[in-house]
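Understanding the architecture of this molecule
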Amino acid sequence: MAKLKPDAGRSTEIQAIGTVHSALISLDSSAQLRVLRYVADMLGITIGTHAEPPPRSHAEDHADDQAAAVTVSQQTATETDELEGISPVAVKWMRRAGLRPNDLQSLFSLGVDEIDLVAKKVPGSGNKDRMRSVLLLKGIAAYLGTGVARVTFEQLKEACLHYNAYDRSNFSAYLKSLAAEVSGTKEAGFTLTARGLTSATEMVKGLLPT
């Protein structure tokens, strides 16, 4: 058998394409597809059977664009309603932390004039741990409402009493031990530091249902 030239295989393929095209050109599309299937079956090969969709009209594209715009508008309106009452600073914090208003409703009283801590319980096995939790979470509540994570002494004491975290004898000592996360005084109030805000964020995420 004579050896094919380097381009002989390619030429043979082109000739076969021309032959098939000439044989099918006079048939309608359904007949063309049947013939191709029959030949493929005879050769034991598989070919794609999905025809490409017909081109879309300008009116169809415009209708889809309008529907998408309405959906985005509705989503934006819903998000705006959910974020009502939350400070812009806290909104940015929520987005960075990947938190949504619905996530926080089990912990904080969103949608009211003064956002507050409403969790059923706070983490901690002892007074000191629970006091820290109260302080961090109350700081977040204030942050959500005002953009400043600051809690007054009266607010802290009231919340500690509610969550069984108030130890009068050791209250001041506990506060001093939290100096890295909270700064301030009894008279000026207590504000979360950058580290405190980070700790509070991690605590909030840990309290959310998975």
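This one's a predicted model, so the numbers in the text were calculated from it and none came from an experiment.

1. Overview of the packing of helix H6 (residues 127-146) against helix H9 (residues 194-207)
Between H6 and H9, the least distance of the axes is 9 Å, while the angle of their chain directions is 95°. On the basis of their axis angle, the class for H6 and H9 is roughly perpendicular. On the side of H6, the interface is formed by Arg132, Ser133, Leu136, Leu137, Ile140 and Tyr143, while H9 contributes Gly196, Leu197, Ser199, Ala200, Met203, Val204 and Leu207. Here the contact of H6 with H9 is composed, by residue class, of nine nonpolar, three polar and one charged.

2. Regarding the confidence of the model for the protein
Averaged over the protein, the pLDDT score is 82; the fraction of residues at 70 or greater is 77%. Counted against residues more than four places away or in other chains, residues 68-78, with its pLDDT under 50, gives zero contacts.

3. Some thoughts on the pattern of salt bridges
Under the defined criterion, the tally for this structure stands at three salt bridges. We note a salt bridge from Asp103 to Arg100, for which the minimum N-O separation is 3.4 Å. Accessibility expressed as a relative area gives 54% for Arg100, which makes it exposed. When the shortest N-O distance is used, the salt bridge between Asp116 and Lys138 registers 2.8 Å. One end of the pair, Asp116, is in the loop between helix H5 (101-104) and H6; the other, Lys138, is in helix H6, and 22 residues separate them in sequence.

4. Overview of a nonpolar patch on the surface
A contiguous nonpolar patch, built from Leu27, Val35, Tyr38, Val39, Met42, Leu43 and Ile45 and spanning about 700 Å² of accessible area, is present on the exposed surface. If you trace the backbone, Leu43 turns up in helix H2 (residues 29-43). On the basis of relative accessibility, which here comes to 62%, the residue Leu43 falls in the exposed class.

5. Quick notes on helix H7 (residues 153-162)
Along an α-helix, a turn takes 3.6 residues, which lines up residues three or four apart on a common side. Restricting attention to buried positions, one finds in H7 the residues Phe153, Leu156, Ala159 and Cys160. Axial view of H7: buried residues confined to an arc of 135°, hence all on one face. What points out from H7, more than 90 degrees from its buried face, is the exposed set Glu154, Glu158, Leu161 and His162. Along its buried surface, H7 packs onto H6, strand E1 (150-151), helix H8 (171-177) and strand E3 (189-192). One or two residues past the end of H7 sits Asn164, with phi positive at roughly 55°.

6. Remarks on the pairing of strand E2 (residues 182-185)
Remark: a regular strand shows side chains that alternate across the two faces of the sheet. Where E2 lies against E3, four bridges are found, and the strand directions are antiparallel. Residue pairing for E3: Gly184 is matched across the bridge by Phe190. Linkage of E2 to E3, two consecutive antiparallel strands, is achieved through a turn of three residues.

7. Digging into the sheet that holds E3
Sheet architecture is open: three strands sit in the order E1-E3-E2, paired in antiparallel fashion. Of all the strands in the sheet, the pair left with one neighbour each is E1 and E2. Across the sheet, H6 touches E1, E2 and E3, and the angle it forms with E3 is around 85°.

8. Some details on the packing of aromatic side chains
Per the stated rule, a full pass over the model turns up three aromatic pairs. Centroid distance Tyr166 to Phe171: 5.3 Å. Interplanar angle 50°. Geometry classified as tilted. Of the aromatic side chains, those joined through ring pairs into one cluster are Phe153, Tyr166 and Phe171. Its guanidinium or amino end placed over the ring of Phe153, Lys186 lies 4.6 Å from that ring's centre, counting from NZ or CZ.

What counts, and at which threshold
- Residues numbered from 1 in each chain as written.
- Predicted model: local features only at pLDDT ≥ 70, side-chain atom pairs only at ≥ 80, totals over all residues.
- Heavy atoms only, no water.
- Axes fitted to C-alpha atoms, helices over the stretch in contact; angles between N-to-C directions.
- Helix = DSSP H or I, 4+ residues; strand = E, 2+ residues; numbered from the N terminus.
- Parallel < 35°, antiparallel > 145°, perpendicular 65-115°, else oblique.
- Contact = heavy atoms within 4.5 Å.
- Nonpolar A, V, L, I, M, F, W, Y, C, P; charged D, E, K, R; others polar.
- pLDDT = per-residue confidence, 0-100.
- Salt bridge = Lys/Arg side-chain N within 4 Å of Asp/Glu carboxyl O.
- Buried < 20%, exposed > 50% of the residue type's maximum accessible area, 1.4 Å probe, protein only.
- Patch = residues over 30% accessible without salt bridge, like charges linked within 9 Å, V, L, I, M, F, W, Y side chains within 5 Å.
- Areas by Shrake-Rupley, 256 points an atom, 1.4 Å probe, with all protein chains shown as cover.
- Arc of directions from axis to C-beta.
- Pairing = 2+ DSSP bridges.
- Phe/Tyr/Trp six-rings, centres within 6.5 Å; stacked < 30°, edge-to-face > 60°.
- Lys NZ or Arg CZ within 6 Å of the ring centre and 35° of its normal.

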